[in-house]
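In case you want the letters, here they are:
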Amino acid sequence: MSDEIPFHIQEKIIKSFPVRSLLQFRTVSKAWKSLIDSSDFIAAHSVTQPQHLLLRYEDPVETVEKYVSFLDDDTFPHQRFVHTLPESFKLLKQSTIVGSSLGLLCLHGYYGDGKGFLPNFEMEMVVLWNPSIRKSITVPMPNTLYLDPKNDIGFGVSPVTSDPTIVEITQFHKTSYHCEAKVYTVSSGKWRNLSNNLPSKPFRIFSPQVVVDKFIYWCAFDPITRDNMLTYHNLIMSFDMTNDNFGVIDLPDSLRCLSPTQLCISKLRESLVMLDYHRFLKRFCDVWMMENGVKKSFTKKFTVEAPYWSRKITPLGFRKSGQPIMELENDHEFFQQSELVVYEPYPKRFDYLEIYGTTETFSVHSYMETLVLIE
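Residues numbered from 1 in each chain as written. Predicted model: local features only at pLDDT ≥ 70, side-chain atom pairs only at ≥ 80, totals over all residues. Heavy atoms only, no water.

The name an unreviewed UniProt entry gives the chain is F-box domain-containing protein, with Lactuca virosa as the organism.

Rendered as C-alpha cells:
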C-alpha cells in the first residue's frame, strides 16, 4: 500500500480483510505488524467478523467426537467445515467446552496415562484454541489434588484488553459453603488469588457460563436465604474481567424461587438469556431475555414445546437471528440418539438439520474470526 496514503486510512482498509489475509499482511512491514498485533486492532476487527457456530457431538455410528463449524448467515446450515483439532485437544480426557469468547474456545479436561483411579490425580488442564489461526495453548490448573471441593471454571476475553482470562472457583461442600477463587491471564502467565473479591453472601454456581462484553456470567443460588419459606433463592453471579470484581444480579420473582435444576443461562447476541425448564416435563422450556441490559428486567419471550415423539428438549445456543438451536432426544427405549434442530418461535416450527448424535453429547458455541493468541 502506498506510503502516500495516510496511515489511519491504511488501518481502515486493513481492518476490512479477513484473518487469513491479515496473517500475510503482518510480514509487509513493522508498522503493519505492530498495528495488526495491537489489542485495540484485534478487538475492533473481531467484532466486524461474521458469526460462526461450532458444533460438538458424538457420532452414534462411528462413536467418535466431531467438531463442525457453520457460517451463521443465510446459507446456514449448508456452509460447514470439519475442523482438524490440535494435539492439545486430542490428548484431553473427560473434556468439556467451558465456553467461547472473542473467537477463542476454552476446553477443560485431564492429561495422564489413564491408569489413575481418580481423574483429579491426573493433570488438570485448560486448553485455549483459536480455530481461525489454528493455534492453541495449554494452561495447567492450580488445584489438582482436592477431593472434597467442586471446581467451576470460567473463561472470557476482555474486549478492552483482548487478554484471555480463566477463573477457577473452588466450592467446598463440607465447610460451611466456603469458596475460593483464582484468576489466570495469558498476558501474566500466572494464577492469582481472588478469594477476598468474592461476595460476602454464600453461593453455589453451576455451569454453563456465558460472556457478554467484559463480564463472565453463571447461574447461581444462595443456599441459606429463604424467600417466604421457599427452598430456593436463585441469582446470577458475574465476574468483571477488567477489575477482577465479582458481582451478584438478582432475578425476578418468577425465576428466583425455582429449583436451580430448572434454570440455565445463555445469551442472544449481547443480551443475557435465562432458560426455564418446566419442573416435571423436560419437553417444555421458557425463554427469558434481559431487556436493554437493565438488571432484573427479564421478559418471557416464548415457550418451546417438544414434538410429540421427543421426550426432552435441550437448548444449546442461539443463532444471531434469534432462533434457538436445540437437541431433541428421541423417545426410544433401545438406543440413545438425539437430533439437532433450529426452532422458529413465531411459526412455532422446528427446522430439522439432519444431524444425529449420541444423546447429551451435543454442544454449540458461537465464535468469530479473531487474531487473539497471534503472539
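Draft legend 1. Examining the packing of helix α1 (residues 7-15) against helix α4 (residues 39-46) more closely. Close contact between α1 and α4 brings their axes to 10 Å; oriented N to C, the two are set at 45°. When the axis of α1 is compared with that of α4, the two are oblique. Where α1 crosses over α4, the handedness of that crossing is right-handed. Contact with α1, carried on its side by E11, I14 and K15, involves F41, A44 and H45 of α4 and no other residues of that element. Across the contact of α1 with α4, the residue classes break down as three nonpolar, one polar and two charged. (Axes fitted to C-alpha atoms, helices over the stretch in contact; angles between N-to-C directions. Helix = DSSP H or I, 4+ residues; strand = E, 2+ residues; numbered from the N terminus. Parallel < 35°, antiparallel > 145°, perpendicular 65-115°, else oblique. Left-handed = near helix turned anticlockwise from the far one by under 90°. Contact = heavy atoms within 4.5 Å. Nonpolar A, V, L, I, M, F, W, Y, C, P; charged D, E, K, R; others polar.)

Draft legend 2. Layout of the sheet that holds strand β23 (residues 349-358). Strand order in the open sheet formed by four strands is β20-β21-β22-β23, with antiparallel pairing between adjacent strands. Pairing within the sheet leaves two strands with one partner each, and these edge strands are β20 (310-318) and β23. Strand-to-strand twist across the sheet, computed as the mean angle between neighbouring axes with direction ignored, equals 30°. For strand β21 (residues 324-330) and strand β22 (residues 337-344), the ladder comprises five bridges, and the chain directions are antiparallel. Each residue of the ladder has a partner; that of L328, found in β22, is E339. (Pairing = 2+ DSSP bridges.)

Draft legend 3. Structural detail: the packing of helix α3 (residues 30-37) against α4. Interhelical geometry of α3 versus α4 gives an angle of 65° and a closest axis separation of 5 Å. In this structure, α3 contributes L35, I36 and D37 to the contact, and α4 contributes S39, F41 and I42.

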